[in-house]
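# Overview (structure and organization)
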Amino acid sequence: MIKEMLEQQRKTPLVLVENKISFAAADSELSIYDTFEQASRISLVSDQLMFCGMVSGKKVMHADSDDFECEFLPHESFVMAANSPVEIDFPVACIEQPTTCLAIEIGEDRVKQIVASLNADAPLLNYDRDWQDSEELVHTHHNAQTQALLNRIVHIFTENHQDRSLMIDLAVSELIIRLLRHKTREFIIAHSRHLPDHNGINAAISHIQKNFEHNINIDQLCKLACMSRTKFFAQFKQTLGCTPQDFLYQSRLKHAAQMLRNDANITDTCFATGYANTSHFSRSFKACYGMSPSQFKLRHVKTPLNKAHALIKS
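First, a word on what this report is: a plain description of the structure on this page.

About the thresholds
Residues numbered from 1 in each chain as written. Predicted model: local features only at pLDDT ≥ 70, side-chain atom pairs only at ≥ 80, totals over all residues. Heavy atoms only, no water. Helix = DSSP H or I, 4+ residues; strand = E, 2+ residues; numbered from the N terminus. Contact = heavy atoms within 4.5 Å. Salt bridge = Lys/Arg side-chain N within 4 Å of Asp/Glu carboxyl O. Buried < 20%, exposed > 50% of the residue type's maximum accessible area, 1.4 Å probe, protein only. Phe/Tyr/Trp six-rings, centres within 6.5 Å; stacked < 30°, edge-to-face > 60°. Lys NZ or Arg CZ within 6 Å of the ring centre and 35° of its normal. Axes fitted to C-alpha atoms, helices over the stretch in contact; angles between N-to-C directions. Parallel < 35°, antiparallel > 145°, perpendicular 65-115°, else oblique. Left-handed = near helix turned anticlockwise from the far one by under 90°. Nonpolar A, V, L, I, M, F, W, Y, C, P; charged D, E, K, R; others polar.

## Description of the side chain of Ser206
With respect to the secondary-structure elements, Ser206 resides in helix 5 (residues 200–210). Leave out the neighbours within four places in its chain, and Ser206 touches Ser192 and Pro196.

## Examining the pattern of salt bridges
Under the counting rule described, the total for this entry stands at 10 salt bridges. We note a salt bridge from Glu174 to Arg178, for which the minimum N-O separation is 3.2 Å. Taken together, the residues span about one helical turn, with Glu174 and Arg178 both in helix 4 (residues 164–194) at a distance of four residues. On the basis of relative accessibility, which here comes to 25%, the residue Glu174 falls in the partly exposed class. Since its relative accessible area comes to 30%, Arg178 is described here as partly exposed.

## Side note on the packing of aromatic side chains
Under the defined criterion, the tally for this structure stands at 10 aromatic pairs. Where Phe281 meets Phe285, the ring centres are 5.8 Å apart and the plane angle is 55 degrees; that geometry is what we call tilted. Of this pair, Phe281 and Phe285 both sit in helix 10 (residues 278–289), four residues apart, which is roughly one turn of that helix. Phe285 sits in the buried class, given a relative accessible area of 0%. Put simply, the rings of Tyr275, Phe281, Phe285, Tyr289 and Phe296 pair up and form one aromatic cluster. In this structure, Arg252 packs its charged tip against the face of Tyr275, placed 5.8 Å from the ring centre.

## With respect to the packing of helix 2 (residues 108–121) against helix 4
Two elements in contact, helix 2 and helix 4, have axes whose closest approach is 10 Å; the angle formed by their N-to-C orientations is 60 degrees. Classified by the interaxial angle, the pair formed by helix 2 and helix 4 is oblique. Every pair of crossing elements has a handedness; the one defined by helix 2 and helix 4 is right-handed. On helix 4, the residues touching Arg110, Val111, Ile114, Val115, Leu118 and Asp121 of helix 2 are Asp169, Ser173, Ile176, Ile177, Leu180 and Arg181. Within the contact of helix 2 with helix 4, the residues separate by chemical class into seven nonpolar, one polar and four charged.

In short, the description is geometric, and any link to function would need to be established separately.
In structure tokens, the structure reads:
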């Protein structure tokens with residue numbers, strides 16, 4: 001859907017590397033970047049928080065003086081803190097198949113307003129720690145809800161609706177909330193791995209992650225958390241935004257993706273992550289990652305053929 005809308009907005013490119021089309025709003029701006037030829041070490045920096053979502057092609061992101069290097073692919077996002085420069089490679093861009101990315105710059109005041117609202121609603125999660133003085137690149141995979149939101153944002157920015165400003169404000173607010181929730185969630189999961197005894201929810205999260213290949217026992221989790229079932233379910237969902245069962249499935253799929261990146265066999269990955277049959281595994285994986293396990297593996301594993309192709313391209 002994004003690709004179709006972009007085709008309607010594109011004009012003859014003025015430049016072949018990072019050709020930019022922008023759509024401004026009150027406290028945010030959408031830019032669509034097309035690159036039509038291979039390039040390397042192209043600098044990018046923004047004085048505001050920037051959300052970047054890949055549409056087609058591939059980029060390689062560099063930051064922290066070469067200490068950080070990561071592939072950036074469709075259905076993935078990067079969040080860049082303000083004034084944190086990166087350098088970008090475009091290894092596969094060409095006229096026939098440009099590398100396309102959308103970027104949304106969001107004003108600091110807008111982020112602070114949403115942080116304040118979230119902290120008022122859930123003070124124990126402390127969303128301030130996730131954005132203040134952070135220079136990290138946040139790399140994440142789009143779930144179905146985020147992908148649908150990006151489709152909607154592009155449509156709102158590019159149409160001439162009489163309520164355009166209000167609709168943009170609502171959509172960008174939703175995007176900020178999803179980013180904050182995701183980053184806070186990742187912090188909590190990492191904290192649970194390192195300090196499982198910090199509190200009851202940490203203990204439950206740690207137990208699920210360590211035993212993701214098995215079905216969960218809710219009574220056992222309640223005992224670990226020292227909570228009643230009602231309190232445990234409510235606090236778990238408030239903390240991670242999902243039920244313990246959903247978190248189990250998410251943990252399985254995340255581990256499966258890592259196994260496939262390491263060239264594991266798809267059938268072995270299926271059974272190693274607790275799935276009873278490959279059909280269920282494939283459906284669940286595609287629903288989460290937007291592609292089948294075989295497609296995911298083909299994209300991420302550097303086979304001899306892929307390596308040879310990369311050398312020819314370079």
